[in-house]
Amino acid sequence: MSATESLHPCSEYTTQDRTAVIAMRNPPVNGLGLALRSSIIAGIERAIADPAIDAIVLIGSDKAFSGGADIKEFGSPLAFAEPNLPTVIEAIERSRKPVIAAISGACMGGGLELALGCHFRIALADAQIALPEVKLGLLPGAGGTQRLPRLVGVKMALDLIVTGNTVPAKLLAGTALFDQVVGGDLAHAAIAFATRVVAEGWALKRARDQVIDDPDAQSAIQAARASVAAAAGPFPAPGKCIDVVEAGLASFDAGIGHERAAFVELLQSPESRALRHVFLGERAATRIDDVPESTATRPILRVGVIGAGTMGGGIAMNFVNAGIPVRLLETSPAALERGLATIARNYQGALKKGKLSQEDFDRRMAAIEPTLSYDDLADVDLVIEAVYEDLEVKRTVFGELDRVAKLGAILATNTSTLDVDRIAAFTGRPQDVVGLHFFSPANVMRLLEVVRGAKTGKDVLATVMKLAKAIKKLPVVSGVCDGFIGNRMINQYSAQAMQLIEEGALPTQVDRVLENFGFAMGPFRMSDLAGGDIGWAIRKRQYAENPSMRREVIADRLAELGRYGQKTGKGWYNYVSGDRSAHPAPEVDALIGAMRVADGTRVREIPDAEIRDRLVYALVNEGARILAEGIAQRASDIDMVYLNGYGFPLHRGGPMLYADEIGLANVATRMREFAALPGADTTFWQPAPLLARLAESGGRFNA
Ligand code: NAD
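Cut-offs and rules
Residues numbered from 1 in each chain as written. Predicted model: local features only at pLDDT ≥ 70, side-chain atom pairs only at ≥ 80, totals over all residues. Heavy atoms only, no water. Helix = DSSP H or I, 4+ residues; strand = E, 2+ residues; numbered from the N terminus. Rg over C-alpha atoms; globule rule 2.2 N^0.38 Å. Buried < 20%, exposed > 50% of the residue type's maximum accessible area, 1.4 Å probe, protein only. Pairing = 2+ DSSP bridges. Right-handed = clockwise from strand over helix to strand, strands pointing away. Arc of directions from axis to C-beta. Contact = heavy atoms within 4.5 Å. Phe/Tyr/Trp six-rings, centres within 6.5 Å; stacked < 30°, edge-to-face > 60°. Expected span 1.5 Å × (residues − 1). Near = heavy atom within 4 Å. Polar contact = N/O pair within 3.5 Å; in protein donor to acceptor, adjacent residues only side chain to side chain. Areas by Shrake-Rupley, 256 points an atom, 1.4 Å probe, with all protein chains shown as cover. Nonpolar A, V, L, I, M, F, W, Y, C, P; charged D, E, K, R; others polar. Axes fitted to C-alpha atoms, helices over the stretch in contact; angles between N-to-C directions. Parallel < 35°, antiparallel > 145°, perpendicular 65-115°, else oblique. Left-handed = near helix turned anticlockwise from the far one by under 90°. Salt bridge = Lys/Arg side-chain N within 4 Å of Asp/Glu carboxyl O.

**Q** Give me the lowdown on the overall build of the protein, citing residues and values where you can.
**A** On a plain count of helices and strands, the protein comes out with 27 helices and 19 strands. Relative to the compact-globule value of 27 Å for 703 residues, the protein shows a C-alpha radius of gyration of 29 Å, a close match. Principal-axis analysis of the C-alpha atoms gives the protein an extent of 90 × 60 × 50 Å. Buried positions account for 53% of the 703 residues belonging to the protein.

Listed below in structure tokens is the structure:
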């Protein structure tokens, strides 16, 4: 082997006998950024120009041949700057000397398209193959939709392109995608293969030249269309993937033109912008601006959970699912037994569905150790309390924890509404106290609001952010305020829903509008699910604290009537036992009508668009305040909270991105229109200062 030469910081060029090896070196996954693309072209040109070279091997690292586009170039002009990926692929395909892709690790998206442009491909059996662009609302835009069907058949190609799923290379062995699927030393095998190609004078294979001669192509297209019609919802990309594959059945050139046009169209679609926002937003959410990634974390090997009610049981499940044993503390044997029975019932559901083995069931149940004594929490590394939402109860619990917990243990509260700083002050170690706000059902919902107290230690934050990942949650940091990010915003939304009812809308209309917007559930069905008693209890506390507060008279009346929702079979809707579907409740509509008359309210018919905008902009305006106050670190964090905790429609990317898309000037104008409506709450509809400023300057929340 010749001396290694660095062509460029992004790749190495070496030779072995008469074969050139271009090794991509752009960690972590050989993202195909401009520098790497340029260096591949340079390597190919150099090998072609060198009379001592007969063949070229293009190889990646153990971790990745290439994971595709470089996310650092996402949304920047660099992503498409020349040489862009199609240019690189054409240069390879045109080469007179054979180019062999040697594939290990991730070979995804643009990485797979690059390999498809090579004349031969040799892969490790466990290399991971995918075209995941559809998950970002796109399609493979560098020939993937055209070359792949020519190598693996139309049906298999559609499966991969339309779902974006990953398969191991060995599953595609035997198709024309791979000339060899091997184990062991990939570079060695690739060089041997290259030598043989040259020695035996093999003709170069170009995927683009293959004719699609697949009798089942049309039926595969139809089957794919049927499943997309059933599952794609508002997203255009899956259907477009099928269109471009179909366009390429006639000829590669026809297909590639179609692919290019569809790619550009999807790139500019709001749905794709939303999905790319989510992709980047989830990564951003895990970072805390003033907590460096290098911050040392505390080991969490054993966890305590206090309270085995609705939340405590679900919280405990998260940890044992991740292999972290839990001590579960309650006030009585009966409460412990009830809590454990609920956990067992949950796992039995998974067991029956075949999602959990009996062995795992036994292991998980055994990993939960029930106790009635705080002394049993002396050796845990983290305690999360999920006891009643009452500051005095929390005071007792944190007093006990301060007494027994070992030095350095993290003390967390799952409170939804109480002041984390006051709770921290119940201990002599506020630096160890943090809010971990799980959402119900806690074993299912992905969102975890990490509530950062004034004194919470940076290492505590770094530890819980890392732990969140281990238990498969999406952590979003919130500062301390009433309701944190999510509930503080939802309170404004719910208040608008209620006000619309008083002004003339009915719960069914409001729910229909929000469900058409894309929410999983409208606010009234949501309230029936959560239980009207919970909101009522919170309101009673708020009325007592703030007597001038506007009262939600209709909701209060329903609660007084015991119409709590699903749990009592009656709420805003009626329910029949054993069924969660909401049936209209004419008696509620009549009650609403009667209360409006008694109140002398001037009732009007409310347009659907007004309902949508008042509810969504109520979220947006509170979001703007939360951002300006630094309660949320960034607008995308608010969006991640809403997408993962509140059923905000994914294709809209969250309330803040939605407002950006509408245009903040339009949002502010609309809010001022609401302020001018008869009887409107003019203060409420004042755009928050940040929103007003951005509206004026043409800015965005998500800059
Ligand atoms: P819950 O009433 O279902 O459960 C509370 C449990 O705590 C009960 O089993 C009770 O026996 C136990 N408990 C009470 N005092 C205790 C003490 N001193 N020591 C040990 N155990 C004690 O309540 P929940 O809905 O699980 O709520 C618990 C906490 O989680 C509250 O702070 C609540 O605000 C918060 N939270 C609730 C939800 C939700 O949707 N239910 C969501 C997020 C956060």
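After that view, the rundown keeps rolling.
**Q** Describe in detail the pairing of strand E13 (residues 326–329), supporting the description with residues and values.
**A** Where burial is concerned, the two faces of E13 agree: the one with Val326 and Leu328 and the one with Arg327 and Leu329 are both buried. Of the pairings in the sheet, the one linking strand E12 (residues 303–306) to E13 comprises 4 bridges and is parallel in character. From the neighbouring strand, valine 305 faces E13, where its bridge partner is leucine 328. As for the winding sense of the linkage, the β-α-β connection from E12 through helix H11 (residues 310–321) to E13 is right-handed. The sheet contact formed by E13 and strand E14 (residues 368–371) spans 4 bridges and is parallel. If you follow leucine 329 over to E14, its bridge partner there is threonine 371.

**Q** I'd like a rundown of helix H19 (residues 523–530), residues and numbers included.
**A** Along H19, the positions that sit buried rather than exposed are Pro523, Phe524 and Asp528. Here the buried residues of H19 occupy an arc of 140 degrees about the axis, which is enough to place them on one side. Close packing links the buried residues of H19 with helix H17 (484–503), helix H18 (507–517) and helix H23 (608–628). Just beyond H19, the residue with positive phi is glycine 531, at close to 105 degrees.

**Q** Tell me about the environment of glycine 518, and please be specific about residues and values.
**A** Within the secondary structure, glycine 518 sits in the loop between H18 and H19. Taking the C-alpha atoms as reference points, glycine 518 and arginine 206, separated by 312 residues in sequence, lie 45 Å from one another. Ignoring sequence-local partners within four residues, the contact set of glycine 518 consists of Gly647 and Pro649.

**Q** Which residues make up the packing of aromatic side chains, and what are the values?
**A** Counted by the stated rule, this structure contains 15 aromatic pairs. Ring centres 5.6 Å apart and planes at 90 degrees place the aromatic pair phenylalanine 193 and tryptophan 202 in the edge-to-face group. The class for phenylalanine 193 is buried, based on a relative accessible area of 4%. Given a relative accessible area of 30%, tryptophan 202 falls into the partly exposed group. Taking the centre distance of 4.5 Å and the plane angle of 15 degrees together, the rings of tyrosine 642 and tyrosine 646 count as stacked. Comparing tyrosine 642 with tyrosine 646, the two get one shared label, buried. The structure contains a cluster of three or more aromatic residues connected by ring pairs, namely Tyr493, Phe517, Phe519, Phe648 and Tyr658.

**Q** Give me the lowdown on H17, citing residues and values where you can.
**A** Here H17 is 20 residues long and its end C-alpha atoms lie 29 Å apart, about the 28 Å a rise of 1.5 Å per residue gives. Of all 20 residues making up H17, 16 are buried, and the element is well covered by its neighbours.

**Q** So what's going on with the site of the ligand? Which residues, and what values?
**A** As a matter of local geometry, the ligand sits amid 23 residues, with Met311, Glu330, Glu389, Lys394 and Asn414 nearest to it. In the environment of the ligand, an oxygen atom lies 2.8 Å from a nitrogen or oxygen atom belonging to the backbone of methionine 311. Valine 387 places a polar main-chain atom, nitrogen or oxygen, 3.3 Å from an oxygen atom of the ligand. Protein burial of the ligand: of its 830 Å² of free accessible surface, 79% is covered by the chains. Top element by residues in the shell around the ligand is helix H14 (residues 391–404). It accounts for 3 residues. The residue makeup of the shell around the ligand, split by class, is 11 nonpolar, 9 polar and 3 charged.

**Q** How would you summarise the packing of helix H21 (residues 553–560) against helix H22 (residues 586–599) if you had to cite specific residues and measurements?
**A** Axis separation between H21 and H22 bottoms out at 11 Å; the angle between their running directions is 130 degrees. When the axes of H21 and H22 are compared, the pair comes out oblique. For the element pair H21 and H22, the recorded crossing hand is right-handed. Taken together, the residues of H22 that come into contact with H21 (itself represented by Val553, Ile554, Arg557 and Leu558) are Val588, Leu591, Ile592 and Met595.

**Q** Outline the packing of H23 against helix H24 (residues 635–645), supporting the account with residue identities and numerical values.
**A** Interhelical geometry of H23 versus H24 gives an angle of 135 degrees and a closest axis separation of 10 Å. Between H23 and H24, the angle falls in the class oblique. Here H23 and H24 pass one another in a crossing that is right-handed. Residues Leu619, Gly623, Ile626 and Leu627 of H23 form the contact with H24, whose participating residues are Ala635, Ile638 and Tyr642.

**Q** An account of the sheet that holds E14 is needed here, citing residue identities and associated values.
**A** In spatial order, the strands read E14-E13-E12-E15-E16-E17-E18-E19; together these 8 strands make up an open sheet with mixed pairing. Both edges of this open sheet fall to E14 and strand E19 (474–479), since each of them pairs with a single strand only. Here the average twist between neighbouring strands, direction ignored, is 25 degrees. The sheet contact formed by E12 and strand E15 (residues 382–385) spans 4 bridges and is parallel. Note that in E15 the partner of glycine 304 across the bridge is valine 383. The strands touched by H11 are E12, E13, E14, E15 and strand E17 (433–438); relative to E12, the strand with the most contacts, the crossing angle is about 170 degrees. The sheet strands contacting helix H16 (residues 458–470) are E15, strand E16 (410–413), E17, strand E18 (447–452) and E19, and the helix crosses E18 at an angle near 175 degrees.

**Q** Provide a residue-level description of the pattern of salt bridges, including the pertinent values.
**A** A complete count under the given rule lists 51 salt bridges for this structure. For the salt bridge of aspartate 159 with lysine 155, the shortest nitrogen-to-oxygen distance reads 3.3 Å. Within this pair, aspartate 159 and its partner lysine 155 are both found in helix H5 (residues 154–163), separated by 4 residues, close to a single helical turn. Overall, the relative accessible area of 38% leaves aspartate 159 in the partly exposed class. The shortest N-O distance in the salt bridge between glutamate 610 and arginine 614 comes to 2.8 Å.

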